[in-house]
Amino acid sequence: MSSYGAAGRFGEGRSGIMAISKLISVRLGATVALLVATVIAVSLAALIYLHSAEEAARGIKRHDAVAAGAAADIAVLLERHRRLVETALLDRDPSALDQRRQSAERIGMLITTLLSNNHDTSVSLLRDDFDALTASARAAFFAAREKEQSEVQRHKTQYTALANRLQETVRSSRNTSLRSATETLILLERRGEDLRFLILATALPALLLLGPISLLIVAGIIRRINQLTYGMRRVALNDTTIALPALDDGDEIGDMARALEVFRNNAETLVRNAKEIERLNAWFDIALNNMARGLSMFDAHGRLVVCNRQYLELYQLTPALGQPGTHIVDIAMSRAARSHPDAVVACEAETRAEMVAWFDTLRQRLALGTPFSQQQILPDGRTIDIHVQPLDDGGWVDLHEDITEADRAKRRITELASSDTLTGLANRRQFMGALEAWYHGSDDSRPMAVLWFDLDRFKAVNDTYGHPVGDTLLRLVAKRLRATVRGDDLIARLGGDEFAILLEPMGEPVAAAEIVGRRVIAALSQPFDIDGRQITVGASVGVAIARVHGATADDLLQNADIALYRAKTSGRGTVVAYQTEFEQTIKAQRQLESDLRLAVEKGELMLHYQPIVDLQTGQVVSCEALMRWRHRDQGMISPAVFIPMAEDLGLIEHLGAWALKQACLDAATWPRGTKVAVNVSASQFASRDLVSAALAALATSGLEPERLEVEVTELVLLRDDASTLDTLNTLSALGISIALDDFGTGYASLSYLRRFPFNKIKIDQSFIRDMKNGSGSATIVRAIVNLANTLGMTTVAEGIETLSERDAARHAGCHAAQGYYYSRPVPPDAVAAAIADCSNRYDAAA
Ligand code: C2E
Ligand code: MG
Ligand code: MG
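In this text the structure is predicted, and so the values were computed from the model without any measurement.

What counts, and at which threshold
- Residues numbered from 1 in each chain as written.
- Chains lettered and ligands numbered in written order.
- Predicted model: local features only at pLDDT ≥ 70, side-chain atom pairs only at ≥ 80, totals over all residues.
- Heavy atoms only, no water.
- Helix = DSSP H or I, 4+ residues; strand = E, 2+ residues; numbered from the N terminus.
- Buried < 20%, exposed > 50% of the residue type's maximum accessible area, 1.4 Å probe, protein only.
- Contact = heavy atoms within 4.5 Å.
- Areas by Shrake-Rupley, 256 points an atom, 1.4 Å probe, with all protein chains shown as cover.
- Near = heavy atom within 4 Å.
- Polar contact = N/O pair within 3.5 Å; in protein donor to acceptor, adjacent residues only side chain to side chain.
- Nonpolar A, V, L, I, M, F, W, Y, C, P; charged D, E, K, R; others polar.
- pLDDT = per-residue confidence, 0-100.
- Salt bridge = Lys/Arg side-chain N within 4 Å of Asp/Glu carboxyl O.
- Pairing = 2+ DSSP bridges.
- Donors = N, O, S within 2.8 Å, 3.2 Å for Na, K, Ca; no water.
- Expected span 1.5 Å × (residues − 1).
- Arc of directions from axis to C-beta.

Draft legend 1. The arrangement of the overall build of the protein in detail. Looking only at helices and strands, the protein features 28 helices and 21 strands. By the burial criterion, 43% of the 846 residues in the protein qualify as buried. Contacts in the protein between residues at least 24 apart in sequence constitute 63% of all its contacts with a sequence separation of at least 6. As presented, the protein carries roughly 43,600 Å² of accessible surface, and 56% of it is formed by carbon and sulfur atoms.

Spelled out as structure tokens, the structure:
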């Protein structure tokens, strides 16, 4: 924008100056023309005067002087004639008289000639008188020769009179001529005065005024032009501080100065811009040479426009090759020369031809106009990353970065990223990559099997003994797995305790994979010794054969998972190969999930209650609420199936809150001494709403908090965090009892019993079942009872089905018992009957 303005002003200034110099030339021309006109006028006047003078002189010479001269000659001759005649008449000698007469005749002839030659009219008029005079003289001479004195006298008198008149006339004529000449001279004199005046009137002003004024003007113009020229020179030398003269002058020089001022201002802008550009260039240079990456820019012909120091250093190029104009092929050649000092000289032409071909290919790629990156590994092993940005004019900019280290780090990261840092096995990514690669690159002749498994009870181990032990266990598992399969089988830890093995089965794929699966289970089922602890985990394995059990890697893994699911559900420690029918199971599972969702929405679930009986008094102390779901097609579904499903589907919170409320509402109708025990899922502890749900249930039902009991499993304890403890403490503080359900089945440490404020321990029915077998369970139950007693907790024996089991439980010191022996879980409306029945049963037993 500014450069456009400057250019505009520059144009205006230039045309302005041209107009001004034209004006000045016009003015100077006019001055010179005036001077020339003056000289011409003066010269003309002088010529006119000269002409006049010449004419006058010629006139005087032609008329007046001649006339006057002739008159003077005539007067002299007349006088001589008169004296000759008058004296001759006195002479008596006839010869003398005759002689005198002849002299008089000659003089008379001279006078006649003069008179004839004289054009003056007054003189020419004398001719008649002179003829009369001559006649009179001739008559007098005749009379004298005749001696007739009287006649002589008379003719003499006549002659004298005529002579007098003639002389008078000649004198007057001479005077007239002299006067005419004098008048001509006077006229000439006047003309001279006129000329002087004219000269004075023209030449003097011209000399006195025009000359000095013009000189002054010209001197002034030249002085100011000199100043302006100096100013221009200074401006041309970028000195824009110069003060310009004549800026306020109203004449053309002023205009010129103002035009120059525009130039100066433009120059100032240009200088400022140039400085700015210089500064930017300096910054650009600094930036260019201090950037981490090498930069080079080439024009459309492959000639170097600019490059930075790093570029030269990166490829060890000489500074000469960094000069603008160097061709890319020469640079590439030099790079090659540096890389192969021995080879390049011998095959330079060939290499150059190759380089030119390479440049042509590069140009074709640049023509597409899209940036691209490429990597170049130099002979010294360095990896250079080159980012190429095509430019609109056909050139391009390259950014070169030595990524050797980064590349190494990246490879290391990729290595790390593809392996499990804890066990050193492959990770999910590597496993998937290998599987995908097999799917994309293999033929059917090379079968591939996936063994998919996780560890049983690993979470419990991890939570019970802590993560370091869990980590050690995983490392030991990895070690055993390595020892179990072939070296080229790919073992991967997919996350947590989930593993997979990708192997090429030898023989019939399914059977071969199942054998490996069983070996894996056998290896992992052996106890692990960690810091003196004997830890036992197990595994179930799902098997799927690539392509046979999945058209894609994802399908295959999904089916391996289905097989694993099936393995787990069909009894732990088994290997199950995928079968299409399993899909039905999964479908059924999905259907059941959606049915459950609907049932929860519609409130189709219900609570049944199972009494818990005091083993001493036989009284029903509480009833446990057990959730029931009657499926429209499948009948009663076990909570062991739908509760985990509800947890997975995120329904448990809602369902748990409902169970709390419903149980309290139901319990409020029971005898005051009967409590209600509600199972609370570990997932409900994950959210903080359990306390409010319990409070809401109590508030809605009006049940005393002391009549509400919450049953939690060891899974809750495994969370072992402050918020779980808080929740338990809060519930306890509200007066709600807390029972630890299914005690002994999990891996909860006994130390939990000291850390959490349980009121009751429910000993899992598996112990009760085993007591009668003499397997030591009776001792364990007694130990648990003693521990509970010590900690001020009561104990409940679960799953009492028979009288003997009841007695064994009583004998072991259990405080209460629950089981089919007393009552199965019953609907709410049957609770009262069940309570009564329990009491009766006690009486009967007693
Ligand atoms: P649990 O809390 O240990 O419940 C006792 C289970 O043992 C019940 O199974 C009960 O029917 C069963 N049982 C009672 N006496 C005997 C007996 O003499 N012999 C045998 N074989 N079994 C007996 P159920 O009702 O199938 O519940 C299974 C589990 O589902 C419960 O175990 C509990 O963990 C969970 N559950 C039930 N209802 C709820 C609930 O409302 N919320 C939550 N979170 N879990 C629930
Ligand atoms: Mg329970
Ligand atoms: Mg239980």
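After that view of the structure, there is still more to cover.
Draft legend 2. Local environment of the site of ligand 1. Close contacts around ligand 1 come from 23 residues, with Glu-624, Arg-628, Asp-741, Glu-801 and Tyr-820 the closest. One nitrogen or oxygen atom from the side chain of Asn-679 is found 2.9 Å from an oxygen atom belonging to ligand 1. Glu-798 places a polar side-chain atom, nitrogen or oxygen, 3.1 Å from an oxygen atom of ligand 1. Protein coverage of the free-state accessible area of ligand 1, which is 780 Å², stands at 83%. Within the shell around ligand 1, the residues separate by chemical class into eight nonpolar, seven polar and eight charged.

Draft legend 3. Geometry of the confidence of the model for the protein. Across the protein, the average pLDDT comes to 83, with 89% of residues at 70 or higher. For the protein, helix 9 (residues 343-346) is the element with the lowest average pLDDT, namely 34, and strand 16 (residues 675-679) is the one with the highest, namely 98. Here residues 340-349 is modelled with pLDDT under 50, and outside its nearest four sequence neighbours on either side it reaches four contacts, counting other chains as well.

Draft legend 4. Region of interest: the pattern of salt bridges. Considering all chains together, one arrives at 32 salt bridges under this definition. Ionic pairing is found between Arg-279 and Glu-276, a salt bridge with its closest N-O pair at 2.4 Å. With a gap of three residues between them, Arg-279 and Glu-276 both fall in helix 6 (residues 252-290), about one helical turn apart. For Arg-806, the salt bridge identified is with Asp-807, shortest N-O distance 3.1 Å. Look at the salt bridges and you will find they share partners, linking Glu-624, Glu-711, Lys-762 and Glu-798 into a network.

Draft legend 5. How the structure looks around unusual backbone geometry. Positive phi outside glycine occurs at Gln-316, with the angle close to 55°. Within the secondary structure, Gln-316 is located in the loop between helix 7 (309-315) and helix 8 (328-339). We classify Gln-316 as partly exposed; its relative accessible area is 46%.

Draft legend 6. Main features of the pairing of strand 5 (residues 396-402). Judged by how many residues are buried, strand 5 sits mostly within the fold: five of seven residues are covered. Bridging between strand 1 (residues 294-298) and strand 5 involves five bridges; their strand directions are antiparallel. Within strand 5, the position partnered with Leu-295 by the bridge is Leu-399. Taken together, the seven bridges between strand 4 (residues 383-390) and strand 5 define a ladder with antiparallel strand orientation. Across the sheet, Pro-390 pairs through a bridge with Trp-396, a residue of strand 5. Here strand 4 folds back onto strand 5 in antiparallel fashion, the turn holding five residues, of which Gly-394 has a positive phi close to 95°.

Draft legend 7. Region of the structure containing the coordination of the magnesium ion (ligand 3). Here the magnesium ion (ligand 3) is held by the protein donor atoms Asp-741 (OD), Asp-742 (OD) and Glu-798 (OE), which lie 1.9 to 2.4 Å from it. Sequence spacing among the residues donating to the magnesium ion (ligand 3) works out to D-D-x55-E. A separation of 3.9 Å is found between the magnesium ion (ligand 3) and the magnesium ion (ligand 2), which share Asp-741 as a coordinating residue. Taken together, the residues Asp-741 in strand 18 (residues 737-743) and Glu-798 in the loop between strand 20 (794-797) and helix 27 (803-812) connect sequence positions 57 residues apart. Taken individually, Asp-741 and Glu-798 each receive the classification buried, so the pair is uniform in this respect.

Draft legend 8. How the structure looks around the coordination of the magnesium ion (ligand 2). At the metal site, the magnesium ion (ligand 2) is ligated by Glu-624 (OE), Asn-679 (OD1), Glu-711 (OE) and Asp-741 (OD), and these contacts range over 1.9 to 2.2 Å. If you list the donors of the magnesium ion (ligand 2) from N- to C-terminus, the spacing comes out as E-x54-N-x31-E-x29-D. Looking at Asn-679, the relative accessible area reads 29%, which means it is partly exposed.

Draft legend 9. Representation of helix 26 (residues 777-791) in the model. End to end, helix 26 covers 21 Å across 15 residues, agreeing with the expected 21 Å (1.5 Å per residue, within 8%). Residues Ser-777, Val-781, Ile-784, Val-785 and Ala-788 constitute the buried set of helix 26. Down the axis of helix 26, the buried side of the element spans an arc of 100°, and every buried residue falls inside it. Of the surrounding secondary structure, the elements contacted by the buried residues of helix 26 are strand 18, strand 19 (760-763), helix 25 (765-771), strand 20 and helix 27. Positive phi shows up at Gly-792, right after helix 26, with a value of about 80°.

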